[in-house]
Amino acid sequence: RLRAYLKVPVKDRYFAVRRARGNWDGTTEFLNARTNSFSRGLWSQVKYWLEENELEHEITRTTPPGLLPQIVNPVITKDLTLRHNQIEALNKWLKRDGFGICWAPPSFGKTECAAGAIATLKPKRALFLVNNLDLLTQVTDRFKLRLGLEPGMIGDSGWDPHRVTVAMVQTL
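If you're wondering where the values come from, they're calculated on a predicted model, not measured in any experiment.

## Considering the pairing of strand S8 (residues 152–155)
On a regular strand, each side chain points to the face opposite its neighbour's, so the side chains alternate between the two faces of the sheet. Note: S8 against strand S10 (residues 164–168), 3 bridges, orientation parallel. Bridge assignment links Gly152 to a residue of S10, and that residue is Thr165. The pairing of S8 with strand S9 (residues 158–160) spans 3 bridges and is classified as antiparallel. Bridge pairing in S9 places Ile154 opposite Trp159. Two successive antiparallel strands, S8 and S9, enclose a turn made up of 2 residues, where Asp156 displays a positive phi of approximately 55 degrees.

As structure tokens, then:
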């Protein structure tokens, strides 16, 4: 039943060749049937479903807590120095195992916080979402400057993902 709850219909599914041939039901599943697992971003929905159906459950972490470092030094790279409030926000995010959203007012430095997280953690892949073309180019230029790398871009009629990618949410 949880599998059915975590199924989402795909937009324009009626035009898909696989669906027309009967090879696909027109949905995307977010529960991995092989491992019986789901993305941690879906935990609040899964928890709600479990409680609504009065089912007992056990949480199993795949990542031990507290492995992410806390940032003390404001100088992250030679081109990136964070302010006190940015370090505080980034450390709160790191305490939650890098899970969450940086929601802050304009001029807070959300892009700088993201650059600091990428520079500190050196992830295999990173995706930074924006909602307009101006921010797409602004963030891409900022990541080039702060991180010294060429970020990928998804949006503005382009699809060029890299290890660090900036994408317009409308394009995804």
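Structure shown, so let's carry the discussion forward.
## Brief notes about helix H4 (residues 84–95)
The first and last C-alpha atoms of H4 sit 16 Å apart over 12 residues, in line with the 16 Å expected at 1.5 Å per residue. For H4, the full list of buried residues reads Gln86, Ile87, Leu90, Asn91 and Leu94. On an axial view of H4, the arc spanned by its buried residues comes to 130 degrees, and they lie on one face. Structural note: H4 exposes Lys92 and Lys95 on the side pointing more than 90 degrees away from its buried face. For H4, the elements touching its buried residues are helix H5 (110–121). Looking one or two residues past H4, Asp97 carries a phi angle of roughly 60 degrees, positive in sign.

## A word on the environment of Val130
Take Val130: it is sitting in strand S7 (residues 126–130). Sequence separation between Val130 and Leu94 is 36 residues; the distance between their C-alpha atoms is 21 Å. Residues within four places of Val130 in sequence aside, it is in contact with Leu135, Leu136, Val139, Val166, Ala167, Met168, Val169 and Gln170.

Analysis parameters
- For every chain, the first residue of its written sequence is number 1, and the numbers climb from 1 along that sequence.
- Per-residue local features are limited, in this predicted model, to residues with pLDDT of at least 70; the limit for side-chain atom pairs, both in listing and counting, is 80 or more; totals at the level of whole chains, interfaces and linings are taken over all residues.
- Note: side-chain values were computed over all heavy atoms of the structure, leaving out hydrogens and water.
- Only strands that DSSP links by at least two bridges are regarded as paired with each other.
- Working definition: helices are DSSP H or I runs of at least four residues, strands are E runs of at least two. Numbering for both runs from the N terminus.
- By definition here, a helix of n residues has an expected span of 1.5 Å times n minus one.
- Burial here depends on accessible area, computed with a 1.4 Å probe over protein chains only, as a share of the maximum for the residue type. Under 20% is buried, over 50% is exposed, and the range in between is partly exposed.
- Here, the arc refers to the directions that run from the helix axis to the C-beta atoms.
- Whether two residues touch is decided by their heavy atoms; if any such pair falls within 4.5 Å, the residues are in contact.

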